[in-house]
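The residues making up each chain are set out below.
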Amino acid sequence: TGADIGVYGLGTMGSALALNLADSGFTVAVSNREAEWIAPFLDEAGPLSERLIGAEQLEEFVAAIARPRSILFMIPSGAPVDAMIEAIKPLLDKGDTLIDGGNADFHDTRRRSAALEGTGLHFVGMGVSGGEAGARNGPSMMVGGSDHSWEQFKPMAEAIAAQFDGSPCVAHLGPDGAGHFVKTVHNGIEYADMQMIAEVYGLLRDAGGQGAVEIGNLFAEWQKGPLSSYLIEVSAAALLSVDTQTDTPMVDVIRDQAGQKGTGRWTLIEALKMGQSANTIEAAVGARGWSSEKAVREMAEPLLPEGVQDAPLPEAEDLEMALLAGRIIGHAQGFRILSAASEEFEWSLDMARISEIWRAGCIIRSALLDEFADAFRGELPGGHLILAPAMRKRLEDSIPALRRVVAAGALLGVALPALSAALAWYDSMRRARGTANMIQAQRDFFGAHGFERTEGEGKFHGTWNPLP
Ligand code: 6PG
């Protein structure tokens, strides 16, 4: 006998997952690098502490877990994970599985899986989404690893996961880094969605002169329609929250400088490496970057000419529809990156399944994800989400609004980087004949780089004449 699982790392996410596991009836050994965190954690667990075994020493922690062991690390990603693996390895037995539940770079996960191959130990890279509340009550989990390790962990994962219509929001998506990669792209989509929401807020605040409460009430209305989602819900609730110190809206006392831990940027870097476009995510990562240049922006505001023009503020319904179009396009780009990576790393990712496990528990959960799941299960030309019949209908209803909103932002001088990126991508993708012939002409003119002719294969050079 012994604990069903060990959880190492009692930070916000680790504590919440350990309690969730105990709540689901599993016995959980827990430990933490700072041993003094363990006793207070057990104290606060109340009656659940009956199923929690605290262990201060690593040896004691490992010994408390039933074999073959499942050990979940909830520690900062990067070097701490490598150090932890090295420290625990000598204490383990063949068949044991290490699960990294942090926001790891999937390249690290691939490296760690490869390093453990042939040792009899197994490695799982698992993306966990949903923040603290999700981890405690039901997160969405994206699992990468061997079949063996999944079989062992599956009953526990399914018991603690969020449920959507009785189906658990966890799946074994592929080997090694597949789970962490899917989580990374989840976060990229999250960045784009958050940015687009912030852009609509900006338009209403800066061009519409609206206050936080007014905008919050509008967003709360949108929760009842097709935009219904966790991110709209928290945005509405955040706008309606009041700072107790100043009795003003919380958002008005927060400095306009965004943090980021790297997953959005990783999504972009990987997309670019695979020759993919993810311009909504790029816009979102870029906007967080510019936001931190507060001093420059303060200097620039009185110096740079506005050049704005009068234009009506878009109707609320247009803003809602523009966000819907932007959300579809942001996801379409995310799924495109997933397909490219699936091919490159031979993961056979199942896009319908991924949509399904994102329907509840995770940060990007939304009414649309159920529609995406249906779209991926149905007729889908070329595997492209935006070409699914139901999505084409959604876009038909929302693209005109996206055009009006982007145009208004441009005239009124309010930056809408992610929404305009979404529109630019959409207009690029719906044209069979693009403008890259002009790029090729320039490349061949100045660098003899060659081009293909419209009628077929082969490389050609033009006869270029300088201007007279
Ligand atoms: C989730 C979130 C979670 C977290 C990220 C945000 O799915 O639960 O994405 O992973 O909020 O750390 O990342 P940034 O700090 O980069 O915004």
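Cut-offs applied
- Residues numbered from 1 in each chain as written.
- Predicted model: local features only at pLDDT ≥ 70, side-chain atom pairs only at ≥ 80, totals over all residues.
- Helix = DSSP H or I, 4+ residues; strand = E, 2+ residues; numbered from the N terminus.
- Rg over C-alpha atoms; globule rule 2.2 N^0.38 Å.
- Buried ≥ 20, exposed ≤ 12 C-beta atoms within 10 Å, placed from the backbone.
- Contact = placed C-beta atoms within 7 Å.
- Near = placed C-beta within 6 Å.
- Domains from an automatic or database assignment.
- Pairing = 2+ DSSP bridges.
- Expected span 1.5 Å × (residues − 1).
- Axes fitted to C-alpha atoms, helices over the stretch in contact; angles between N-to-C directions.
- pLDDT = per-residue confidence, 0-100.
- Core = buried A, V, L, I, M, F, W, Y, C linked by C-beta atoms within 7 Å.
- UniProt positions renumbered as here; feature names shortened; annotations may be inferred.
- Parallel < 35°, antiparallel > 145°, perpendicular 65-115°, else oblique.
- Left-handed = near helix turned anticlockwise from the far one by under 90°.
- Nonpolar A, V, L, I, M, F, W, Y, C, P; charged D, E, K, R; others polar.

A. Region of interest: the overall build of the protein chain. A count of helices and strands for the protein chain gives 20 helices and 14 strands. Scaling as 2.2 N^0.38, a compact globule of 468 residues should have a C-alpha radius of gyration of about 23 Å, and the protein chain matches this with 25 Å. In the protein chain, which comprises 468 residues, the proportion classed as buried is 46%. A separation of at least 24 residues holds for 69% of the contacts in the protein chain among residues at least 6 apart in sequence.

B. Representation of the site of the ligand. In the region of the ligand, 13 residues are neighbours, and Ser-129, Asn-187, Gln-260, Lys-261 and Ile-363 sit closest. Those elements that provide at least two residues to the shell around the ligand are helix H8 (178–207) and helix H12 (263–273). If you count residues domain by domain, the shell around the ligand takes at least three from each of domain 1 (5–176) and domain 2 (184–281 + 310–429).

C. Quick peek at the pairing of strand S14 (residues 456–460). Counted residue by residue, S14 has zero buried out of five residues, so it is predominantly exposed. Here strand S13 (residues 451–453) pairs with S14 via two bridges, running antiparallel. Looking at the pairing, Phe-451 lines up with Phe-460 of S14. Counting the residues in the hairpin turn of S13 and S14 gives two residues.

D. Local environment of helix H1 (residues 12–23). For H1, with twelve residues, the first-to-last C-alpha span of 16 Å sits near the 16 Å given by 1.5 Å per residue. Among the twelve residues of H1, ten are classified as buried, and the element is accordingly described as predominantly covered. Those residues of H1 lying buried are Met-13, Gly-14, Ser-15, Ala-16, Leu-17, Ala-18, Leu-19, Asn-20, Leu-21 and Ala-22. Two residues or fewer after H1 comes Gly-25, characterised by a positive phi angle close to 100°.

E. Representation of the sheet that holds strand S5 (residues 97–100). Strands sit in the order S3-S2-S1-S4-S5-S6-S7-S10 across an open sheet of eight strands; the sheet is mixed. The sheet is open, and its two edges are formed by strand S3 (52–54) and strand S10 (170–174), each paired on a single side. Mean inter-strand twist for the sheet, computed between neighbouring axes without regard to direction, equals 25°. With four bridges joining them, strand S7 (residues 140–144) and S10 adopt parallel strand pairing. In the sheet register, Met-142 faces S10, and the bridge partner there is Ala-171.

F. Inspection of the confidence of the model for the protein chain at higher detail. On average, residues of the protein chain score 97 in pLDDT, and 100% of them reach the 70 mark or higher. Across the predicted assembly, pTM comes out at 0.96 and ipTM at 0.96.

G. Focus on the pairing of S7. By the criterion of burial, S7 is predominantly enclosed, with five of the five residues buried. Here S7 shows two buried faces, one formed by Ser-140, Met-142 and Gly-144 and the other by Met-141 and Val-143. Both strand S6 (residues 122–129) and S7 contribute to a ladder of five bridges, which runs antiparallel. Across the sheet, the residue bridging to Gly-125 is Gly-144, located in S7.

H. Region of interest: the nonpolar core. The biggest cluster of nonpolar side chains holds 133 residues, and the ones touching the most others in it are Val-28, Val-143, Ala-325, Leu-402, Leu-419 and Ala-422. Both of domain 1 (5–176) and domain 2 (184–281 + 310–429) provide at least three residues apiece to this core. With residues near it in sequence (within four places) discarded, Leu-419 still touches Met-196, Glu-199, Ala-322, Gly-326, Leu-402, Val-405 and Val-406.

I. Here's a closer look at the UniProt feature "domain: 6-phosphogluconate dehydrogenase C-terminal" (unreviewed entry) in the protein chain. The positions UniProt marks with the feature "domain: 6-phosphogluconate dehydrogenase C-terminal" (unreviewed entry) are residues 179–465. Helix makes up 63% of residues 179–465 and strand 4%, and the two end C-alpha atoms of the span are 54 Å apart.

J. Local environment of the UniProt feature "transmembrane region" (unreviewed entry) in the protein chain. The UniProt feature table records "transmembrane region" (unreviewed entry) at residues 405–426. The annotated region residues 405–426 carries 82% helix and 0% strand content, and the separation between its end C-alpha atoms amounts to 15 Å.

K. Just the packing of H12 against helix H13 (residues 279–291), in detail. In the contact formed by H12 and H13, the axes pass within 9 Å of each other and the chain directions differ by 140°. When the interaxial angle is binned, H12 and H13 end up oblique. The way H12 lies across H13 gives a crossing that is left-handed. Contact residues: Gly-264, Arg-265, Thr-267 and Leu-268 in H12; Ile-281, Glu-282, Ala-284 and Val-285 in H13. Of the residues in the contact of H12 with H13, the class split is four nonpolar, two polar and two charged.

L. Seen up close, the domain arrangement of the protein chain. By the assigned domains, the protein chain splits into domain 1 (5–176), domain 2 (184–281 + 310–429) and domain 3 (440–468). Here the C-alpha centroids of domain 2 and domain 3 sit 39 Å apart.

M. A look at unusual backbone geometry. The omega torsion of the bond from Arg-67 to Pro-68 falls at -10°, within 30 degrees of zero and hence cis. Within the secondary structure, Pro-68 is located in the loop between helix H3 (58–63) and strand S4 (70–73). Residue Asp-165 is not a glycine yet carries a positive backbone phi of 50°. Topologically, Asp-165 is positioned in the loop between strand S8 (163–164) and strand S9 (167–168). Residue classification places Asp-165 among the exposed residues on the basis of 8 C-beta atoms within 10 Å.

N. Fine view of the environment of Gly-46. The topology assignment puts Gly-46 in the loop between helix H2 (38–44) and S3. Look at Gly-46 and you get exposed, because 9 C-beta atoms sit within 10 Å. Counting along the chain gives 387 residues from Gly-46 to Arg-433, while the straight-line C-alpha distance between them is 65 Å.

O. View of the environment of Val-251. The topology assignment puts Val-251 in helix H11 (residues 250–253). For Val-251 and Ser-140, which are 111 residues apart along the polypeptide, the C-alpha to C-alpha distance reads 28 Å. Setting aside anything within four residues of it in sequence, one finds Val-251 in contact with Ala-212, Ala-238 and Leu-239.

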